[in-house]
Amino acid sequence: EKPHRVFSEYMLRPRRIPSCMKFEGYKISGVKVVNIMEENAEAIEKMVNQAIGEVYRQKLKILDIQTTGDNMILVLGKES
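About the cut-offs
Residues numbered from 1 in each chain as written. Predicted model: local features only at pLDDT ≥ 70, side-chain atom pairs only at ≥ 80, totals over all residues. Heavy atoms only, no water. Helix = DSSP H or I, 4+ residues; strand = E, 2+ residues; numbered from the N terminus. Buried < 20%, exposed > 50% of the residue type's maximum accessible area, 1.4 Å probe, protein only. Expected span 1.5 Å × (residues − 1). Arc of directions from axis to C-beta. Contact = heavy atoms within 4.5 Å. Polar contact = N/O pair within 3.5 Å; in protein donor to acceptor, adjacent residues only side chain to side chain. Pairing = 2+ DSSP bridges. Axes fitted to C-alpha atoms, helices over the stretch in contact; angles between N-to-C directions. pLDDT = per-residue confidence, 0-100.

1. A word on unusual backbone geometry
Okay, step 1: Phi at Glu38 takes a positive value of approximately 60 degrees, unusual for a residue other than glycine.
Okay, step 2: Here Glu38 shows up in the loop between strand 1 (26-35) and helix 3 (41-57).
Okay, step 3: For Glu38, a relative accessible area of 74% gives the class exposed.

Quick look at the structure:
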């Protein structure tokens, strides 16, 4: 009897979508960096919500979000 597999082959090796496809139809117009170092969850939530509000007031879209140990990076764009 074969052992039970928890994850399928697909789950172990997910396919990556080329990064250029994520932004199709948009023009990257900038980035916004939010420093989250040494902040508690409540403070981070407040800062990120404020950053999102600023982005939407500028009529931009958040195309991607990247994080590091210290920062949250919002990739911003407009429809092209």
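2. Quick notes on helix 3
Okay, step 1: In this model, helix 3 (17 residues) spans 24 Å end to end at C-alpha, consistent with the 24 Å of a helix rising 1.5 Å per residue.
Okay, step 2: Three or more residues of helix 3 are buried, namely Val48, Ala51 and Val55. Projected onto a plane normal to the axis of helix 3, the buried residues spread over an arc of 60 degrees and lie on a single side. Seen from the open side of helix 3, the exposed residues pointing more than 90 degrees away from its buried face are Glu42, Glu45, Lys46 and Arg57.
Okay, step 3: On its buried face, helix 3 sits against strand 1, strand 2 (61-67) and strand 3 (71-79).
Okay, step 4: With a side-chain oxygen positioned 3.2 Å from the backbone nitrogen of Glu42, the residue opening helix 3 is Asn40.
Okay, step 5: At the exit of helix 3 stands Lys59, carrying a positive phi of roughly 60 degrees.

3. Let's talk about the pairing of strand 2
Walk down a regular strand and you will see the side chains alternate between the two sheet faces.
Okay, step 1: Judged from the six bridges that link them, strand 2 and strand 3 form a sheet pairing that is antiparallel. By the bridge assignment, Thr67 is partnered in strand 3 with Met72.
Okay, step 2: Linkage of strand 2 to strand 3, two consecutive antiparallel strands, is achieved through a turn of three residues.

4. Focus on the sheet that holds strand 3
Okay, step 1: Ordered in space as 1-3-2, the three strands form an open sheet in which the pairing is antiparallel. The sheet terminates laterally at strand 1 and strand 2, the two strands that pair on one side only. Each neighbouring strand pair of the sheet contributes to a mean axis angle of 20 degrees, computed without reference to strand direction.
Okay, step 2: Lying over the sheet, helix 3 contacts strand 1, strand 2 and strand 3, oriented at roughly 150 degrees with respect to strand 1.

5. A look at the confidence of the model for the protein
Okay, step 1: Looking at the protein, pLDDT values average 77 and 72% of them are 70 or higher.
Okay, step 2: Considering each helix and strand of the protein separately, the mean pLDDT is smallest for helix 1 (residues 9-12), with a value of 41, and largest for helix 3, with 91.
Okay, step 3: A low-confidence stretch, residues 2-14 (pLDDT under 50), is modelled with two contacts involving residues beyond four sequence positions or located in other chains.

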